[in-house]
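# Coordinates in review
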Amino acid sequence: KDRILPIFELTRSRRTKNDGQGDIGKNVCQIKKLVGSKWFGLDLTGTKEQQNTEIVRMLEDGENAFKLWVDFVSSLGCSNAIPAIHFDDYYPDLIKKQIEGLRKFSKFLLLRLPTDDQCKDTLKIIRSKVSTTNDIILLLDGEFIENKNIEKRFKDKVAFEDICNTYSSDFHSISYSSSSFPRSVVN
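Keep in mind that this is a model prediction, so the values were computed, not measured.

Per the secondary structure count, the protein chain includes six helices and six strands. For the protein chain, the N- to C-terminal ordering of α and β elements is β-α-β-α-α-β-α-β-α-β-α-β. The buried share of the protein chain, reckoned over its 187 residues, is 37%. Look at the contacts in the protein chain between residues 6 or more apart in sequence, and 71% of them connect residues 24 or more apart.

Now the structure itself:
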């Protein structure tokens, strides 16, 4: 287990009579109990069905360098969390401010990008705006891949190899993740 870096995507917690929004702080408390002092990645869900207004506000805060996310991370008081960097195409110049803010609370940062055509453009922008990225773990997220979608798997493999060849010395590490587990067990 010591060699595995779990990455948790915060979703709203179960809604109750006293918590109609589903406070994400409850999920963080559970994560802290699970991981103890081990490193773990922390991100916000992009899946609309699993969000609440708190998550939406944090993800739509690009014009403020994602200050709401940075403030949330700072409130955790958790030095073993590796917070995700969020990127807004409309405010690329603010990426440096966000990264500087997150670095105050963590030794490492997580940059999770989809394996799409925009990935390399985003990496170029970040490399041009930030002086060093050697503390950033780059995670290429292939998201959900159907078992029979060989074309998607091949395209992701080519993209991963290309990014590794181009950026291997720039980032702390580069990994790829995907899932073929269905979004719903009902499906």
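Let's pick the thread back up.
For soluble globular proteins, the rule of thumb is that nonpolar side chains tend to be buried together. Counting residues in hydrophobic clusters, the biggest one holds 36 residues, and the most contacted among them are Trp69, Leu111, Leu123 and Leu138. The element that contributes the greatest number of residues to this core is helix H3 (residues 67-76), accounting for five residues. Once residues within four sequence positions are removed from consideration, Leu123 is found in contact with Leu111, Leu113, Leu138, Ile163, Tyr167 and Phe171. In terms of nonpolar packing, the next biggest core, distinct from the first, is built from six residues, Ile82, Phe108, Leu110 and Leu139 among them.

Here we come to the sheet that holds strand E2 (residues 40-44). The strand order across the open sheet built from three strands is E1-E2-E3, with neighbouring strands paired in parallel fashion. Two strands close off the open sheet at either side, each with one partner strand: strand E1 (7-10) and strand E3 (81-83). Strand-to-strand twist across the sheet, computed as the mean angle between neighbouring axes with direction ignored, equals 30°. Pairing of E1 with E2, which is carried by four bridges, proceeds in the parallel orientation. Counterpart to Leu10 in the pairing with E2 is Leu44.

For Ala65, which is not a glycine, the phi torsion comes out positive at approximately 60°. Its identity as a non-glycine residue notwithstanding, Phe66 has a phi of 55°, on the positive side. Of note, Phe66 is situated in the loop between helix H2 (53-59) and H3.

The next thing to look at is the packing of H3 against helix H4 (residues 95-103). With their axes 9 Å apart at the nearest point, H3 and H4 run at an angle of 5° to one another. Judged on the interaxial angle alone, H4 and H3 are roughly parallel. Contacts between H3 and H4 involve Trp69, Val70 and Val73 on the former and, on the latter, Gln98, Gly101 and Leu102. Here the contact of H3 with H4 is composed, by residue class, of four nonpolar, two polar and no charged.

Parameters at a glance
- Residues numbered from 1 in each chain as written.
- Predicted model: local features only at pLDDT ≥ 70, side-chain atom pairs only at ≥ 80, totals over all residues.
- Heavy atoms only, no water.
- Helix = DSSP H or I, 4+ residues; strand = E, 2+ residues; numbered from the N terminus.
- Buried < 20%, exposed > 50% of the residue type's maximum accessible area, 1.4 Å probe, protein only.
- Contact = heavy atoms within 4.5 Å.
- Core = buried A, V, L, I, M, F, W, Y, C linked by side-chain atoms within 4.5 Å.
- Pairing = 2+ DSSP bridges.
- Axes fitted to C-alpha atoms, helices over the stretch in contact; angles between N-to-C directions.
- Parallel < 35°, antiparallel > 145°, perpendicular 65-115°, else oblique.
- Nonpolar A, V, L, I, M, F, W, Y, C, P; charged D, E, K, R; others polar.

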